[in-house]
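Examination of the molecular architecture
This is what each chain is made of:
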There are 2 protein chains.
Amino acid sequence: MATGRTHRPATRSRGIPEATVARLPLYLRALTALSERSVPTVSSEELAAAAGVNSAKLRKDFSYLGSYGTRGVGYDVEYLVYQISRELGLTQDWPVVIVGIGNLGAALANYGGFASRGFRVAALIDADPAMAGRQVAGIAVQHSDELEKIISDNGVSIGVITTPPGVAQQVCDRLVAAGVTSILNFAPTVLSVPDGVDVRKVDLSIELQILAFHEQRKAGEETAGEDAVAASVPKETPKGPDGDVPVVMPA
Amino acid sequence: MATGRTHRPATRSRGIPEATVARLPLYLRALTALSERSVPTVSSEELAAAAGVNSAKLRKDFSYLGSYGTRGVGYDVEYLVYQISRELGLTQDWPVVIVGIGNLGAALANYGGFASRGFRVAALIDADPAMAGRQVAGIAVQHSDELEKIISDNGVSIGVITTPPGVAQQVCDRLVAAGVTSILNFAPTVLSVPDGVDVRKVDLSIELQILAFHEQRKAGEETAGEDAVAASVPKETPKGPDGDVPVVMPA
DNA sequence: ATGTCTTTGTGAACGCGTGCACAAAGATGG
DNA sequence: CCATCTTTGTGCACGCGTTCACAAAGACAT
């Protein structure tokens, strides 16, 4: 492994684990903060703490990118910011369209985090004629009839869907047909897309349900000792000592 | 089944894999849709397709909950809806507070997906005195001075943070101190919490950066064939024209 | 130059999650 | 009651991701 000088990529290029890719933005954020404070170098231990991960994991993650870092010293902050940015493709400009300008779409349009990192809101699109022409976050909303033209004129490859679930799939289909190959979906629907198109979904309802599961578990463990009743908070007797015979039986 | 009797949980209660928990809401959504169409039973194959997962995975997931399902027939939709709801803790009411009523907070308050599944917005909280008293989504915004009182009066255990990143940690600390044990964080910051408190984060910026990575990769592969081999499977040299010798070197 | 001390980079072991493939369960028809 | 056919539930193997633990690399002081 990089026995010597030739800081050559080695493993590099291909084969960066998906889990690592998902953490790179986290590291980048922490590094950017350090950069703004003019911190020159940082150790894997410090950076890991700032990013909320294990230091060994961080070092292994970085090892997939190459051998940046100096033993006994740590990592050069600016250099690492550049390398990660380049790896993530943030050194170029990514025009993005947001389809569905309701509450959420408008919130995203106003979200500063977009522009900060190479992403530019190229257009806001909505199916409601009444929305067309209105300004949201300083950008004029365009009608969805223009969707295909907007995509191709601006060379958009990333689309954000914030429409109601009922129309998400057809919006998705149109985006893909027009040339979009990456979609961030906020609609609570499973989107089907052809190979080669990436979809990531953000679903609040699901996140809350996962939290509820763990919350219920915590509550259940507290009152686990007492079975019958008790339970200061009417917790429904989750499943304590079991005894949960199906209340409803299928036909 | 429904043969009733022995169907004892077995593995049940404890030990449901995290990955499975994360998919239960997905199944539940698909099942609810089937229920509304009055579909009585569904096979693992059909349900898996609707939820966008592998059918073997789905069956294994359900096996952690117990042996619901009838061989040769499939699963009883209503029964399964009930079982998953109960497992996720959705048969009870979860009061939730949203802290930080900016664009995003307001969007979430208006989001219908909340109320639909056992979650109830108990309060909207903001630090801006000018916001206090204003109605958002039919709920009066309260000042953050009231935070502790609101939490305890309503028995809130789930908090949603939609504040600017700078104050997210202190809001988090106050929520936890007041008794909140599950947090959904939309602020782009790493939150540190004591053991026993769950945090899930939703970060648009990170999602976009992950998409950008894959997008760049795709673009790189397209132009990769032009140098050496036509390579039916252009796996190597994914980073464009390459030639990416470190442009900046660390000190 | 040499020794010491810090921190990286990674081999290796482990655990979780996924998917295959099939035996067992039970419905259905004759 | 038996045969057949469908679909579940799961044993097993594999691959990915995480973590430990340590040798090697290099900075720094003497």
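Computed from a predicted structure; not experimentally measured. (Residues numbered from 1 in each chain as written. Chains lettered and ligands numbered in written order. Predicted model: local features only at pLDDT ≥ 70, side-chain atom pairs only at ≥ 80, totals over all residues. Heavy atoms only, no water.)

Take the packing of helix α1 (residues 18-36) of chain B against helix α2 (residues 44-51) of chain B next. Residues and elements named next belong to chain B. Close contact between α1 and α2 brings their axes to 9 Å; oriented N to C, the two are set at 110°. In terms of their interaxial angle, α1 and α2 are classed as roughly perpendicular. Contact residues: α1 offers L26, Y27, A30, L31 and L34, while α2 offers L47, A50 and A51. A per-class count over the contact of α1 with α2 returns eight nonpolar, no polar and no charged. (Axes fitted to C-alpha atoms, helices over the stretch in contact; angles between N-to-C directions. Helix = DSSP H or I, 4+ residues; strand = E, 2+ residues; numbered from the N terminus. Parallel < 35°, antiparallel > 145°, perpendicular 65-115°, else oblique. Contact = heavy atoms within 4.5 Å. Nonpolar A, V, L, I, M, F, W, Y, C, P; charged D, E, K, R; others polar.)

All names here are of chain A. Strand order in the open sheet formed by seven strands is β5-β6-β4-β3-β7-β8-β9, and the pairing between neighbours is mixed. Both edges of this open sheet fall to β5 (135-136) and β9 (198-201), since each of them pairs with a single strand only. Across four bridges, strand β8 (residues 182-185) lies against β9 in parallel orientation. If you follow S182 over to β9, its bridge partner there is D198. (Pairing = 2+ DSSP bridges.)

Take the pattern of salt bridges next. All chains considered together, the criterion is met by 16 salt bridges over all chains. When the shortest N-O distance is used, the salt bridge between R120 of chain A and D93 of chain A registers 3.0 Å. Remark: D93 of chain A occurs in the loop between α4 (77-88) and β3 (94-99) and R120 of chain A occurs in strand β4 (residues 119-126); sequence separation between them is 27 residues. Owing to a relative accessible area of 37%, R120 of chain A belongs among the partly exposed residues under this scheme. One salt bridge connects D203 of chain A with R29 of chain B, and the closest N-O pair in it is separated by 2.7 Å. Separated into two different chains, D203 of chain A in the loop between β9 and α9 (204-222) and R29 of chain B in helix α1 make up a pair that spans both. When its relative accessible area of 5% is taken as the criterion, D203 of chain A is described as buried. Put simply, D198 of chain A together with E215 and K218 of chain B are held in one network by salt bridges that share partners. (Salt bridge = Lys/Arg side-chain N within 4 Å of Asp/Glu carboxyl O. Buried < 20%, exposed > 50% of the residue type's maximum accessible area, 1.4 Å probe, protein only.)

Our focus in this paragraph is the sheet that holds strand β8 (residues 182-185) of chain B. Residues and elements named next belong to chain B. If you trace the seven strands from one edge of the open sheet to the other, you get β5-β6-β4-β3-β7-β8-β9, paired in mixed fashion. What marks the edges here is a single partner per strand, and that holds for β5 (135-136) and β9 (198-201). Looking at chain direction, strand β4 (residues 119-126) and strand β6 (residues 139-143) are connected through three bridges and run parallel. If you follow I125 over to β6, its bridge partner there is Q142.

Taken together, 26 residues lie near DNA strand D, and R23 and R71 of chain A together with S44, Y68 and Y75 of chain B sit nearest. Restricting the count to atoms of DNA strand D within 4 Å of the protein gives a sugar and phosphate share of 63%. One of the side-chain nitrogen or oxygen atoms of K57 of chain A is found 3.2 Å away from a phosphate oxygen of DNA strand D. Here a base oxygen of DNA strand D and a side-chain polar atom of K60 of chain A are 3.2 Å apart. Elements with a contribution of two residues or more to the surface near DNA strand D: α1 (18-36) and α3 (55-65) of chain A together with α3 (55-65) of chain B. Of all the elements, α3 of chain A adds the most residues to the surface near DNA strand D, at four residues. Across the surface near DNA strand D, the residue classes tally to seven nonpolar, 10 polar and nine charged. (Near = heavy atom within 4 Å. Polar contact = N/O pair within 3.5 Å; in protein donor to acceptor, adjacent residues only side chain to side chain.)

Residues and elements named next belong to chain A. Here, UniProt's "binding site: NAD(+)" (unreviewed entry) annotation points to G100, I101, G102, N103, L104 and G105. Position of G100 among the secondary structure elements: in the loop between β3 and α5 (103-110). Dropping the residues within four chain positions of it, G100 is found in contact with G105, I125, D126, T162 and T163. With respect to the helices, strands and loops of the structure, G105 is situated in helix α5. Excluding residues within four positions of it along the chain, G105 makes contact with I98, G100 and T162. (UniProt positions renumbered as here; feature names shortened; annotations may be inferred.)

Moving on, we come to the pairing of β4 of chain A. All names here are of chain A. Of all eight residues in β4, seven are buried; the element is thus mostly enclosed. Direction of pairing for β3 relative to β4: parallel, over a ladder of six bridges. Each bridged residue has a counterpart across the sheet, and for V99 the counterpart in β4 is I125.

Relative to the elements of secondary structure, L26 of chain B occurs in helix α1. Considered as a pair, L26 of chain B and G52 of chain B are 26 residues apart in the sequence and their alpha carbons are 8.7 Å apart. Ignoring sequence-local partners within four residues, the contact set of L26 of chain B consists of K201 and I206 of chain A together with A51 of chain B.

Attention now moves to the nonpolar core. Residues I84 of chain A together with I84 of chain B are the most contacted members of the largest nonpolar core, which totals 104 residues. Setting aside its immediate chain neighbours within four residues, I84 of chain A contacts L24, Y27, L28, L31, F62 and L65 of chain A. (Core = buried A, V, L, I, M, F, W, Y, C linked by side-chain atoms within 4.5 Å.)

Residue and element names in this part refer to chain B. Looking only at α2, the buried set comprises S44, L47, A48 and A51. Along α2, the residues classed as buried sweep out an arc of 100° about the axis, all on the same side. Opposite the buried face of α2, by more than 90 degrees, sit the exposed residues E45 and A49. Where the residues of α2 are buried, they touch α1, β1 (41-42), α3, β2 (75-76) and α4 (77-88). Downstream of α2 by a residue or two, G52 has a phi angle that is positive, lying close to 75°. (Arc of directions from axis to C-beta.)

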